[in-house]
Amino acid sequence: MIKTAISIWEACLQYIKDNISEKSYFTWFQPIKAVKLQDKILTIQVPSKFYYEYLEENYIKIIKSALTKNLGKDAKLVYSIMMEKNQQTDASFTVNIPSSQKAQIKLQEVEAPLFIERGSISPFAVPGLQKVKIDSQLNTNYTFENFIEGDSNRLARSAGKQIAKRPGGTSFNPLFIYSSVGLGKTHLAHAIGLEVKKIQSEKTVLYVSMEKFCQQFQEATKSNNRNDFMHFYQMIDVLIVDDIHFISGKKGTQEVFFHIFNHLHQNGKQIILTSDKSPVDIQDVEQRLISRFKWGLSTEIQIPDYTTRLAILQQKMEFDGIELSEEVLEYIAKNIKTNIRELEGSLNSIIAQATFNKKEITLELVEKTLSNLITNSKKDITIEYIQNLVCDYFKVSIDALQSKTRKRDIVQARQLAMYFAKKYTNASLSSIGFQIGKRDHATVLHACKTVDNLFETNKLFKSYVDELNKKLTS
Ligand code: ADP
Ligand code: MG
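In this text the structure is predicted, and so the values were computed from the model without any measurement.

Cut-off values and rules
- Residues numbered from 1 in each chain as written.
- Chains lettered and ligands numbered in written order.
- Predicted model: local features only at pLDDT ≥ 70, side-chain atom pairs only at ≥ 80, totals over all residues.
- Heavy atoms only, no water.
- Axes fitted to C-alpha atoms, helices over the stretch in contact; angles between N-to-C directions.
- Helix = DSSP H or I, 4+ residues; strand = E, 2+ residues; numbered from the N terminus.
- Parallel < 35°, antiparallel > 145°, perpendicular 65-115°, else oblique.
- Left-handed = near helix turned anticlockwise from the far one by under 90°.
- Contact = heavy atoms within 4.5 Å.
- Nonpolar A, V, L, I, M, F, W, Y, C, P; charged D, E, K, R; others polar.
- Pairing = 2+ DSSP bridges.
- Expected span 1.5 Å × (residues − 1).
- Buried < 20%, exposed > 50% of the residue type's maximum accessible area, 1.4 Å probe, protein only.
- Salt bridge = Lys/Arg side-chain N within 4 Å of Asp/Glu carboxyl O.

So, on to the packing of helix H17 (residues 408-424) against helix H20 (residues 459-473). Packing of H17 against H20 brings their axes to within 12 Å, and their N-to-C directions diverge by 45 degrees. With respect to H20, the element H17 is oriented oblique. Like other packed secondary-structure pairs, H17 and H20 cross with a definite hand, here right-handed. Between H17, through Gln412, Leu416, Tyr419, Phe420, Lys423 and Tyr424, and H20, the contact on the second element is made entirely by Phe461, Tyr464, Val465, Leu468, Asn469, Leu472 and Thr473. In terms of residue class, the contact of H17 with H20 is made up of 9 nonpolar, 3 polar and 1 charged.

Here you go:
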């Protein structure tokens, strides 16, 4: 029988089909066409670069066996990649199978197709070169100049500054910034993007929230534009993804983000991520993504101290063109401690009060305006306080609570302490675990689930939780 590209590929497919799931076969192999066979070089046509990368990453072994079986040891495979608008790159990628597992890539400039989001992108032509202009979606109010530096954010801020000078060129890739709400993640993320644009205006910077990314991906999937979606993101120089934790539980989005991440990282592009949890504390995200989040620098923004809070208030005051007495500022900075958004909110409500009632901003007015906020905001509950209270309640010692003992009553007290620490403090799971007997985050998570379960099913246990809750919040 004469060996043609089609017959050889057919034979390979038979073999591959027997070795992978029907669904994968359908998705990844069905769309491939064999186009050429010359000597022992088989050229197959794949619908996009993404296909090529996906095949390389997941199926190269099986393709290799299939080819060796049907064409012999010195078989070679060439991918021909179909471009958008049915253009074709001629043998953009050559894969020499026998020599190594790793693809030997002869890359010709691949034209990036556009994923067009209404209103935000307009292609513009430069002779001989197709380029795309992308609206960075950056908020010009969130600059470095008005991002006050303090102990709480120093590391994140300075890493951001360095990245802005050399995006993709520092070891902070990705930069992973995490904190609880209102502490400046979004502000800092924009500031980095703006600074990059200021220094190197030709860089393509894009800010996107993970929520929006998910929506775009869903839409792209619906309209069969996944490849365009992916290619669009793969041509960004500095990609800023805000609130990445939103990806939790979303398998398809994780998959596509994984490929975008890899592509950008491999090509020396900068990735900046923000999250309300540290990488290890993010739930329901594939391990391979979590491990990538940790590749660069993960840094936490903490609650600002008094001096920083005061400096932030002073800056906002100047920005709004109002004047407040030292006394008033100090009062606000002393009493509003949880986060910066709340700090700004308090300042705004004081200004509103004064304007509506045509009153001067006195300490008395401020005390009155903020009294609600302050009495409602829980007193600072620390993990130490929780441990003491729980130990007191169950009459066990702190040492026992923090020991490795598996005695039932101690385990129960320990799990409750973890549960309340999660509920009443901003500490991460790892930090809670560390403080309560040097446990890991998984133990804390398990404790919280156990308490939730027992609370539902065990009356006596429920009464413990209720009583401790009362003590903690009174
Ligand atoms: P997050 O994204 O962490 O929830 P944001 O970045 O939205 O927090 O910040 C909340 C508000 O606090 C924003 O208005 C931001 O400008 C302000 N803010 C945060 N950090 C600082 C800072 N270091 N200096 C000045 N303003 C800040
Ligand atoms: Mg934010």
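Note: most peptide bonds trans; most residues except glycine with negative phi. In the segment running from Asn173 into Pro174, the intervening peptide bond is cis, with an omega of 5 degrees. Relative to the helices and strands, Pro174 resides in the loop between helix H5 (154-165) and strand E7 (175-178). With a phi close to 60 degrees, Gln137 is a non-glycine residue in the positive phi region. Following the sequence through the fold, Gln137 ends up in the loop between strand E6 (129-134) and H5.

As a further point, take the sheet that holds E7. Strand order in the open sheet formed by 5 strands is E8-E9-E10-E7-E11, with parallel pairing between adjacent strands. Each edge of the open sheet is held by one strand with a lone partner, namely strand E8 (205-209) and strand E11 (297-300). Averaged over all pairs of adjacent strands, the angle between their axes in this sheet comes to 15 degrees, without regard to strand direction. Sheet topology places strand E9 (residues 238-242) next to strand E10 (residues 270-275); 4 bridges connect them, and they run parallel.

So, about helix H11 (residues 306-320). Compared with the 21 Å implied by 1.5 Å per residue over 15 residues, the 21 Å span of H11 between its first and last C-alpha is a close match. All buried positions along H11 are accounted for by Thr308, Arg309, Leu310, Ile312, Leu313, Gln315 and Met317. On its buried side, H11 packs onto helix H12 (326-335) and helix H13 (340-356).

Per the counting criterion, the structure on display carries 13 salt bridges. A salt bridge links Arg157 to Glu149, with the nearest nitrogen and oxygen atoms 3.2 Å apart. For Arg157, a relative accessible area of 15% gives the class buried. Note on Glu149: relative accessible area 38%, which makes it partly exposed. Note that Glu344 and Lys316 form a salt bridge whose closest N and O atoms lie 2.8 Å from each other. Remark: Lys316 occurs in helix H11 and Glu344 occurs in helix H13; sequence separation between them is 28 residues. Note on Glu344: relative accessible area 29%, which makes it partly exposed. Beyond isolated ion pairs, a larger network of salt bridges with shared partners links Glu145, Lys161, Glu195 and Lys198.

Turning next to the pairing of E8. E8 sits mainly inside the fold: 4 of its 5 residues count as buried. As paired strands, E8 and E9 are joined by 5 bridges and run parallel to one another. Looking at E9, one finds that Val208 is bridged to Val241.

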